[in-house]
Amino acid sequence: MVGDGDETFDYVVVGSGSAGSIVAARLGEDGRNSVCVIEAGGNDRSIWLKIPVGYAKSYYDPAVNWMYSTEPEPELGGRRIYTPRGKVQGGSGAINAMIFVRGAAGDFDGWRDAGNPGWGFADVLPHFKRMERHAGGASPWHGGDGPIGVTPMRGATHPITDAFLAACREIQLPETPDFNGAAIEGAGIYDVNTRRGLRSSAGAEYLRPALKRENVTIRRHARTTRILLDDEHRATGVEILQGGQRRTIRARCEVIVSAGAVETPKLLQLSGIGDGALLGRLGIAPRRHLPAVGANLQDHLCASLYYRSTVPTLNGPFSSLAGQAGLALRYILTRKGPFAISVNQAGGFFRGRPSEPRENLQLYFNPLSYRIPSDPGAGLKAEPYPGFLLAFNACRPTSRGRVEIASPDAEGAPRIRPNYLSTEEDRDEAVQGARLARRIMQAPALRAVTAEEMPPSAGVSTDDEILAYFRENCGSIYHLCGTAGMGPDPATSVVDARLRVHGIAGLRVVDASIFPTITAGNINAPTMMVAEKGAATILEDAAARQR
Ligand SMILES: Cc1cc2nc3c(=O)[nH]c(=O)nc-3n(C[C@H](O)[C@H](O)[C@H](O)COP(=O)(O)OP(=O)(O)OC[C@H]3O[C@@H](n4cnc5c(N)ncnc54)[C@H](O)[C@@H]3O)c2cc1C
C-alpha cells in the first residue's frame, strides 16, 4: 500500500558514498530510469570537503562522520579502535585521504578464482579506466576522460621524500614509476584523486552532476531503516526515517544497498537478512538465513615510526599559524603546494622477506610528523619539531571479524569486531613491517637527515618488543570491507558474481562490503571500480529482461 508521502522510483540506492554515487549516476545516465538515492548525512558543500587538507577537519567531525569505534579488541589489549566513516553526500570518499591505488592484478584474479566469473584483473581494468581522468592522459593502464581526476604527486612532494626513495634504492628494494601501472611492487610516489587541486570524489564528480538531471533525486538526512520484502522474497523498496517521519520509497526494478562495509550488513540484518541465530536473539523475524552477512570483515591495520629530522620538513609550516597562512595563500593563488596534495606522499609495496611470494607490506613516508590524539576534541596536531614518519601495514591480513547489530533499533551503532592480529601470519607481518621500515631508515640517504627515532618505538628492538609496541600503537587505516562478501555459496557469501543478494530478488549490494578478500593498497579505487562494474551489470540485466 502506498501511504501519504510515499514515492516510487525505478531504482532506489541506499547510500551516496564512493559506490552509491557512481551507481546512481550510471543508472540514471541515459535519462530513462528514475533513481532515488537515500543518504543519512547532509550535503557536501563544506569547503573542508573540497580542499585536500580538509581531511584533518572531517576526521573527527560528527557533522560528516559516523565516528564509530570497534568493540574492545582482544589482541590489542582491549583497546577500541577509532573507525571513521563518511556520513555525508560522497560518503567516506568525501572525507578520505585520497590515496589512489587500484590493488595488485593478482588480487582480482584471486576474486575470480574464488568462484566469481568476470572479476579477474583483465575484466575489471576497463572499469578502472572508465572512471579515471589521469593527469597524463589515456594509456594502456589509464583512462583519460573519466570523471575521477587522478593526479600523480611526483614532482610535487617535499624534498625529503627523495631521501626515502634513495634509501630504498641503496638497500636494493625495487622501484616502480606507477603503482597503478605494470607493477605495484616497489618504492614510489602515490597518486591522489584530485583535479585542479580539489578533491575529486565520486560524490563530487558523478553524483553532483547527475543530480542536475530530473530523473536522479537524493533524500538527504534520511536514514534507511529497513529493506521491504514481499511474500516472494523480492525487495520492493525501503523504509526511511527523515525529519522524524517514517516513509516508504518503493523501487519498481531494484534496491541497491551501497551503505558501506559497516552500515550495509547492519541494514541487511535489520531487514531479516542475516544469521538466523543472531536475528532470533534480537527478535527480528528472519526472512533469509545468510550467515555470511556481517562476517568476513577485513581491514588494514598500521603503525608508525616517528623521527626527528635534521632538515626542515612540513612540521615547520604546519605547526605555526603563520606557516599555515603561507601555505593557504599559496594554495589560493596557485591550487598547488602541500594543501593541494596528501601528506602520505611516498611509500610502496614490498616483500618483508625475499621468500614472500609477492608484495606483502605497504609503506607510507610522510614528510610531516603528527599524532592522532585519542581525544577527538584535540584534532590532528603536527609536532613542534621537524620530523617525518614511516607507517606500515600488511597488504592482505588474514584476520577476519564481524559487524553485528546490537539491537533491532536502526539508530543504534552496530558492534564492529575486526579481530585484528588474531592470526599468527598477521602478527608476523606486523614485525616484518617494522623491521623493513627500520632497514630503510638505516640506509645512508635517510640516516643523513635523521636526528633520532622518537617514542614510542625508539629503543624497541626484539621481535617481542616490536609486537608489543605494535599492539599498543596500531590503528585502522579505514579500509573496512568484506561484510557482504561475493561468492557462489550462500553458506559463506552474501552476493553472487552479479552482486545479487543470494535468495532475494531485486536486491543487490554494491560497495566495499562485497570484496571477497581485501586488496593490496587503499580501497577507494577498487570500491569505485566495483560500482562501475555493478552499475553496468544492473543495466545489462535490465536490458536482458526486456529482450
Ligand atoms: C578517514 C578515512 C580515510 C581514508 N583514506 C583513504 C585513502 O586515502 N585512499 C583510499 O583508497 N581509501 C581511503 N579510505 C577508504 C575509502 O574511502 C572507503 O573504503 C570507501 O569510500 C568506501 O566506499 P563505500 O561506498 O563502500 O562506503 P562509503 O563511502 O562509506 O558510503 C556509504 C554511504 O552510505 C551512507 N549510509 C550508511 N547507512 C545508511 C543508511 N542506513 N541510510 C542512508 N544512508 C546510509 C553513509 O552516510 C555514506 O554516505 C579512507 C576512509 C576513511 C574513513
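Calculation criteria
- Residues numbered from 1 in each chain as written.
- Predicted model: local features only at pLDDT ≥ 70, side-chain atom pairs only at ≥ 80, totals over all residues.
- Heavy atoms only, no water.
- 1 Å grid on protein atoms, 1.4 Å probe; cavity = no way out; pocket = protein on both sides within 12 Å on 5 of 7 lines; lining within 4 Å.
- Points joined across faces, edges and corners; volume = space filled by probe spheres on them.
- Helix = DSSP H or I, 4+ residues; strand = E, 2+ residues; numbered from the N terminus.
- Nonpolar A, V, L, I, M, F, W, Y, C, P; charged D, E, K, R; others polar.
- Near = heavy atom within 4 Å.
- Polar contact = N/O pair within 3.5 Å; in protein donor to acceptor, adjacent residues only side chain to side chain.
- Areas by Shrake-Rupley, 256 points an atom, 1.4 Å probe, with all protein chains shown as cover.
- Domains from an automatic or database assignment.
- Contact = heavy atoms within 4.5 Å.
- Buried area = accessible area lost by both parts, 1.4 Å probe.
- Salt bridge = Lys/Arg side-chain N within 4 Å of Asp/Glu carboxyl O.

### Some details on the layout of surface pockets
When its volume is computed, the second largest pocket comes out at roughly 730 Å³. Considering the residues around the second largest pocket, the lining is formed by 25 residues, among which Val53, Ala56, Lys57, Phe318 and Leu380 are closest to the centre. Elements that contribute at least two residues to the lining of the second largest pocket include exactly α2 (55–58) and β21 (381–382). In terms of residue count, α2 provides more of the lining of the second largest pocket than any other element does, three residues in total. Grouping the amino acids of the lining of the second largest pocket by side-chain chemistry returns 18 nonpolar, five polar and two charged.

### Remarks on the site of the ligand
Near the ligand, the surroundings consist of 38 residues, among which Ser18, Glu39, Ser92, Ile99 and Asn524 are the closest. Taking Val88, its main chain carries an N or O atom lying 3.2 Å from an oxygen atom of the ligand. A distance of 3.0 Å separates an oxygen atom of the ligand from a polar atom in the backbone of Ala512. Relative to its free-state accessible area of 1,000 Å², the ligand is covered by the protein chains to the extent of 98%. Among the elements that take part in the shell around the ligand, strand β12 (residues 222–229) stands out by supplying three residues, more than any other. The residue inventory of the shell around the ligand, partitioned by class, reads 17 nonpolar, 15 polar and six charged.

### What about the domain arrangement of the protein chain?
Under the domain assignment used here, the protein chain contains domain 1 (1–105 + 199–298 + 401–419 + 481–547) and domain 2 (154–189 + 301–394 + 422–473). A C-alpha centroid distance of 32 Å is found between domain 1 and domain 2. Taken together, the contact between domain 1 and domain 2 spans 22 residues of the former and 26 residues of the latter. Summed over both partners, the interface of domain 1 with domain 2 comes to about 2,000 Å²; 59% of that surface belongs to carbon and sulfur atoms. Its largest share of buried area at the contact with domain 2, domain 1 owes to Val53, Tyr60 and Glu75, together 28% of the area lost on that side. Across the domain 1-domain 2 interface, the total number found is two salt bridges. A salt bridge links Arg427 to Glu75; its shortest N-O distance comes to 3.9 Å. Across the contact surface, domain 1 and domain 2 share nine residue pairs in polar contact (both at pLDDT 80 or more).

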